[in-house]
Amino acid sequence: MLKKEINELLTQTGPGTPMGDLFRQYWLPALLAEELPENDCPPVRVKLLSERLIAFRDTEGRYGLMDEFCAHRGVSLWFGRNEESGLRCAYHGWKYDTRGQCVEIPSEPDERQSTLCRKIKLRSYPLVRIGDVLWTYMGDPAATPDLPQWEFARVPAEQSFTSKRWQECNWLQALEGGIDSSHVSWLHSDGLKNDPLFKGARGNQYNLTDRKPFFEVVDSEGGLFIGVRRNAEDGHYYWRITPWVMPAFTMIPPRGDHPIHGHFWIPIDDENCWVFTYDYHPVRPLRSEEVQAMRDGKGVHNEYVPGTYRPLQNKDNDYLMDREAQKRGDTYSGIKGISMQDASLQESMGPIVDRTKERLVSTDSGIIMARRKLWRAVEALRDEGVRPPGVAVAHQMVRSAAVVLPKDQAFIEGCGDALTVRPGVKHASV
Amino acid sequence: MQRQPTLASSCARAATAAEARFRISYPEFARRNSRVIALDGAAAEVVRQMSGQRWDGGHFLVFDAALPVDGSGTVPAEARLRRADGTEVLLSEELHGADTVVMVAKAQASPGQATTAQASPGQATPGQVSAAQASPGQASPGQVSAEAAAVIGDACALRSIMSAGLVIPGTEPPDAVVSALRPNAMVLVILRDGDDIPEILSALRV
């Protein structure tokens, strides 16, 4: 249960909101690099944190992210011409560079160009490619943090794959699904047996034979570690450990030698979010069949409405609910695919779930703690200007893990370095 | 796959903000019966402070002493607890009708432990642990909590009551306390800041 004002505090991320200010402390995934595949390619409309923006890649390969609308008459620059090192409005030809600076007003006399242009600058944000993702920072330029160091974005390109999808609900309820480890035994029980990106791992047997896991939530510098333990061989537990790094990064514990995966949950506005989904292997290239499976929507990825980032299964078609498959036990909910199993239920809660009415239980402790940490960070930033957890590069150097440990060993100690990025060292997985 | 038609009245498209006002409200849901029990002297202070706040019917208690059982294994574990006002109550009485038990332990050897350990069980004051739990200068935080956690955990398991554990940071590493609680709590939360506890309990509608 959350008070109404706290629910609003955590779910509203537009300009000038406390949570919006918090998000604006971080480098955030804005687009996939594939959306701007070449110089002078078509611009892309982007909405982030309730700001309508346009992204483009100019003639020299520079990326730009700026206000979508021309300063002249408010026309969308999506209709513009991306040419000769700038984006030109289709209405009267005003032209902007990647920093949002107006560089040409064709209707004005030549001698007035520079004077007038200099005074016109659209709000813009840096856009940087790291890995498969274009990242932006929407906060105070004077406080720009170090570039992101997430391992999935820093390994060689052939070791990583990232997709994204539109989810039609507030970012927080989507994120909460990512740290709610207790639903996995139910909603996703089919995936362990059938999905090519999960099946075959020894750890799956522990999941399937012990359906009443115990939970441990450990506060960390950057967020939380959420440990879930199940019985393993005599005197041992099988632990699956999910890191959450503030505000919006989660990493799912691995299975066998399969790639590791996870998500970024990025607000589009208060009723929609982007789910960036990464999959990577720390020490080897992804196999062609693995990449194909990811493209086909397996694992934690999804299929799309052609030409869009909207999932093929969506609220307009009841997520292609298959009651027969549900009855047969092929899927628990009747919905195919892990990501859509989550999205269908999270969207069913409504655009912004009313948390004053929920009835949490102790297995929701990870969610409770995450909200508490977000709330504290928002207040500390707002009241004292304290930079929130997760901005520091050190907080980003985390890994999930799946390990078997003696029963008397805490997972934090038992995992040792396994919860930390170690370049060139394989992830801890069973 | 046989597909049913997607109906505007039944499909997920009804999950809009406008549709939210048609959700049924349940003000009449029965209140929870939560018990918050401090396992050691250091945690007792935290629990006692919280007990003075406004809660939704939760009881705030301090573990005092495990009571002897006949060893046959047929009699449930029993313990003596103390309420915030110092009065005694049996664990079994408190668990009657309870649906959630939150155990609170602090990773710290509190001064109260040694003091109480020298007193007779009957003289223990609220918030202190008894001689049965600790001997002066020897008991580690984990040892202090272990017996209390085991007794309460067993009693909860027997009655199918959800048990959770909160570990507050203290002067000692939390490992021993965590190990003591792990077998006895379905959920363990290891905190960096004890100030989070009221919010956690509030979220659980204690």
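Small disclaimer: the values here were computed from a predicted structure and weren't measured. (Residues numbered from 1 in each chain as written. Chains lettered and ligands numbered in written order. Predicted model: local features only at pLDDT ≥ 70, side-chain atom pairs only at ≥ 80, totals over all residues.)

S.K.: Before we move on, could you go through the overall build of chain B and cite the residues and values that matter?
M.R.: Looking only at helices and strands, chain B features six helices and seven strands. Starting at the N terminus and walking to the C terminus, you meet the elements of chain B as β-α-β-β-β-α-β-α-α-β-α-β-α. Residue pairs in contact within chain B that sit at least 24 positions apart in sequence constitute 66% of those at least 6 positions apart. (Helix = DSSP H or I, 4+ residues; strand = E, 2+ residues; numbered from the N terminus. Contact = placed C-beta atoms within 7 Å.)

S.K.: Quick rundown of helix H11 (residues 338-348) of chain A? Include the residues and the values.
M.R.: Since the α-helix advances by 3.6 residues per turn, residues separated by three or four positions end up pointing in the same direction. All names here are of chain A. In terms of burial, H11 is largely enclosed, as nine of its 11 residues are buried. Listed as buried for H11 are Ile338, Ser339, Met340, Gln341, Asp342, Ala343, Ser344, Gln346 and Glu347. With its phi angle positive at about 105 degrees, Gly350 sits one or two positions after the end of H11. (Buried ≥ 20, exposed ≤ 12 C-beta atoms within 10 Å, placed from the backbone.)

S.K.: For the pairing of strand E2 (residues 59-67) of chain B, give the residues involved together with the corresponding values.
M.R.: Residue and element names in this part refer to chain B. Of the strand pairs in this sheet, strand E1 (residues 34-38) and E2 are connected by four bridges, and their pairing is parallel. When the sheet's bridge partners are listed, Ala38 is paired in E2 with Val62. As paired strands, E2 and strand E3 (residues 78-83) are joined by six bridges and run antiparallel to one another. By the bridge assignment for E3, Val62 is matched with Arg82. (Pairing = 2+ DSSP bridges.)

S.K.: Tell me about the interface of chain A and chain B, and please be specific about residues and values.
M.R.: Counting from both sides, the interface comprises 34 residues of chain A and, opposite them, 29 residues of chain B. Taken together, the elements giving at least two residues each to the side of chain A that touches chain B come down to strand E13 (214-219), H11 and helix H12 (365-384) of chain A. Class assignment for the residues of the side of chain A that touches chain B results in 13 nonpolar, seven polar and 14 charged. Looking at chain direction, E13 of chain A and strand E7 (residues 187-190) of chain B are connected through four bridges and run parallel. Bridging from a neighbouring strand, Val218 of chain A pairs with Ile190 of chain B of E7 of chain B. (Nonpolar A, V, L, I, M, F, W, Y, C, P; charged D, E, K, R; others polar.)

S.K.: Residue-level account of the packing of helix H1 (residues 4-11) of chain A against H12 of chain A, with values.
M.R.: Residue and element names in this part refer to chain A. As a packed pair, H1 and H12 sit with axes 10 Å apart at the nearest point and diverge in direction by 75 degrees. Between H1 and H12, the angle is such that the two are roughly perpendicular. On the side of H1, the interface is formed by Ile6, Leu9 and Leu10, while H12 contributes Arg371, Leu374, Trp375 and Val378. Here the contact of H1 with H12 is composed, by residue class, of six nonpolar, no polar and one charged. (Axes fitted to C-alpha atoms, helices over the stretch in contact; angles between N-to-C directions. Parallel < 35°, antiparallel > 145°, perpendicular 65-115°, else oblique.)

S.K.: For the nonpolar core, give the residues involved together with the corresponding values.
M.R.: Residues Ile37, Met103, Val104, Ile152 and Val167 of chain B are the most contacted members of the largest nonpolar core, which totals 151 residues. Once residues within four sequence positions are removed from consideration, Val104 of chain B is found in contact with Val36, Ile37, Ala38, Leu39, Ala43, Val46, Val47, Leu166, Ile168 and Ile197 of chain B. One finds Tyr319, Leu320, Ile335 and Met340 of chain A within the second-largest nonpolar core, a separate group that totals six residues. (Core = buried A, V, L, I, M, F, W, Y, C linked by C-beta atoms within 7 Å.)

S.K.: Describe the sheet that holds strand E9 (residues 124-125) of chain A, with residues and values.
M.R.: The strands that make up a sheet are held in pairs by hydrogen bonds between backbone atoms, and each pair lies either parallel or antiparallel. In spatial order, the strands read E2-E3-E4-E9 (chain A); together these four strands make up an open sheet with antiparallel pairing. A strand with exactly one partner marks an edge of an open sheet, and here the two such strands are strand E2 (44-48) and E9 of chain A.

S.K.: Tell me about the sheet that holds strand E8 (residues 102-104) of chain A, and name the residues and values.
M.R.: Residues and elements named next belong to chain A. Strands sit in the order E5-E6-E7-E8 across an open sheet of four strands; the sheet is antiparallel. Strands with a single pairing partner mark the edges of an open sheet, and in this sheet they are strand E5 (81-82) and E8. With two bridges connecting them, E5 and strand E6 (residues 87-88) associate as antiparallel partners. Paired with Asn82 across the two strands is Leu87, which belongs to E6.

S.K.: An account of the confidence of the model for chain B is needed here, citing residue identities and associated values.
M.R.: All names here are of chain B. On average, residues of chain B score 78 in pLDDT, and 72% of them reach the 70 mark or higher. Of the regions scoring below 50 in pLDDT, residues 112-139 engages in 62 contacts with residues more than four places distant in sequence or in other chains. Here the predicted complex scores 0.90 on pTM and 0.85 on ipTM. (pLDDT = per-residue confidence, 0-100.)

S.K.: Can you explain the pairing of E7 of chain B? Please cite residues and give values.
M.R.: Residue and element names in this part refer to chain B. What you see with E7 is no split at all: Val187 and Val189 on one side and Leu188 and Ile190 on the other are buried throughout. In this structure, strand E6 (residues 162-168) lies alongside E7, joined through four bridges in parallel fashion. Across the sheet, residue Val167 finds its bridge partner in E7, namely Ile190. Regarding topology, helix H5 (residues 175-181) serves as the crossover connection from E6 to the parallel E7, and that connection is right-handed. (Right-handed = clockwise from strand over helix to strand, strands pointing away.)

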